[in-house]
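Residues per chain, in single letters:
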Amino acid sequence: MVTEGVAPDQVTFIGVFSACSHIGLVDCCLKLFKCMTEVYAIDPLVEHYACMVDLLSRAGRLDEAFEMVRRMKMKPNAGIWGTLLGACRIYQNIKLGKIAAEKLLELEPGKTSHYTLLSNMHAEAGRWDEVEKVRVSMEGSGAEKQPRCSWIELRDQIHTFLSDDPKKSRTSEIGFTLRTLSAQMRNTCHISGSEALALHSL
């Protein structure tokens with residue numbers, strides 16, 4: 001684009017940053033971020049910051065990712081804090097993980113997945129007292145675990161099933177269909193016993 005005299009815009013840089021993030025061109029992307037602001041005078045959007053945080057997080061450069069979040073000119077959204085929290089679990093950075101989790105819970109207090117991720121981090125580090133604190137905190141917040149949902153189409157009609165309401169399909173034609181599919185999968189795909197049992201339990 002530069003060679004052809006076409007000036008890149010905000011959308012151009014989002015695409016370039018995303019590509020750099022997925023192939024690990026960290027230093028190149030940091031230079032481009034600086035170029036965007038200093039050469040092209042483009043103010044970063046939250047999407048640009050999200051790409052940069054994802055880039056640094058994937059590379060394990062969590063302190064730099066956190067500093068990027070701190071320097072944002074706007075309030076970080078849940079997606080950015082979630083990216084950082086996920087990376088903190090992978091790289092076992094509990095200190096930053098707690099900060100990211102706290103920020104996430106401020107933005108989305110009723111979402112149990114944030115509590116679960118933080119609890120798992122503590123459990124993997126053997127910090128069982130902290131696991132209990134997270135559990136108590138979740139119960140005190142009033143957050144409720146959302147039931148998992150599956151669906152199947154039968155005779156041009158969609159039927160849904162919630163994990164906490166398994167009665168619907170046990171004796172119905174749908175239940176018979178699912179059990180038949182389970183048997184066929186065992187015979188042709190060699191799925192594991194637990195996978196087959198999960199289907200059969202419907």
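In this report, we go over the structure that sits alongside the text. (Residues numbered from 1 in each chain as written. Predicted model: local features only at pLDDT ≥ 70, side-chain atom pairs only at ≥ 80, totals over all residues. Heavy atoms only, no water.)

## Topic: the overall build of the protein chain
Thought 1: Counting secondary structure elements, the protein chain contains 10 helices and two strands.
Thought 2: Traced from its N-terminal end to its C-terminal end, the protein chain shows the element sequence α-α-α-α-α-α-α-α-β-β-α-α.
Thought 3: A burial count over the protein chain gives 32% of its 202 residues as buried.
Thought 4: The contacts of the protein chain with a sequence gap of at least 6 include a subset with a gap of at least 24, amounting to 50%.
Thought 5: Element-wise, carbon and sulfur atoms account for 55% of the exposed surface of the protein chain, whose accessible area totals about 12700 Å². (Helix = DSSP H or I, 4+ residues; strand = E, 2+ residues; numbered from the N terminus. Buried < 20%, exposed > 50% of the residue type's maximum accessible area, 1.4 Å probe, protein only. Contact = heavy atoms within 4.5 Å. Areas by Shrake-Rupley, 256 points an atom, 1.4 Å probe, with all protein chains shown as cover.)

## Brief notes about unusual backbone geometry
Thought 1: A positive phi is found at Ala41, a non-glycine position, where the angle reads about 55°.
Thought 2: Tracing the backbone through its elements, the reader meets Ala41 in the loop between helix H2 (26-38) and helix H3 (46-58).
Thought 3: Even without glycine at this site, Gln92 takes up a positive phi of about 55°.
Thought 4: Here Gln92 is to be found in the loop between helix H5 (78-90) and helix H6 (94-107).

## Concerning the pattern of salt bridges
Thought 1: Within this structure, the stated rule accounts for eight salt bridges.
Thought 2: The partner of Arg61 in a salt bridge is Glu64, and the shortest N-O contact between them spans 2.7 Å.
Thought 3: Since its relative accessible area comes to 25%, Arg61 is described here as partly exposed.
Thought 4: Across the pair Glu132 and Arg135 runs a salt bridge, and its minimum N-O distance is 2.4 Å. One end of the pair is Glu132 and the other is Arg135, both in helix H8 (residues 128-141) and three residues apart, which spans about a single turn.
Thought 5: Residues joined in a network through salt bridges with shared partners are Asp27, Arg61 and Glu64. (Salt bridge = Lys/Arg side-chain N within 4 Å of Asp/Glu carboxyl O.)

## Details of helix H1 (residues 10-23)
Thought 1: The end-to-end C-alpha distance of H1 is 20 Å, a good match for the 20 Å that 14 residues give at a rise of 1.5 Å each.
Thought 2: Listed as buried for H1 are Phe13, Phe17, Cys20 and Ser21. Viewed end-on, H1 has its buried residues packed into an arc of 100°, placing them on one side of the element. In H1, the exposed residues that point more than 90 degrees away from the buried face are Val11, His22 and Ile23.
Thought 3: Looking at the packing, one finds that the buried side of H1 touches H2 and H3.
Thought 4: N-capping of H1 is provided by Asp9, with a side-chain oxygen placed 3.2 Å from the backbone N of Val11.
Thought 5: Residue Gly24 follows H1 closely and has a positive phi angle near 80°. (Expected span 1.5 Å × (residues − 1). Arc of directions from axis to C-beta. Polar contact = N/O pair within 3.5 Å; in protein donor to acceptor, adjacent residues only side chain to side chain.)

## Considerations on the layout of surface pockets
Thought 1: A volume near 190 Å³ is recorded for the second largest pocket.
Thought 2: Counting only elements with at least two residues in the lining of the second largest pocket, the list comes to H6, helix H7 (112-124) and H8. (1 Å grid on protein atoms, 1.4 Å probe; cavity = no way out; pocket = protein on both sides within 12 Å on 5 of 7 lines; lining within 4 Å. Points joined across faces, edges and corners; volume = space filled by probe spheres on them.)

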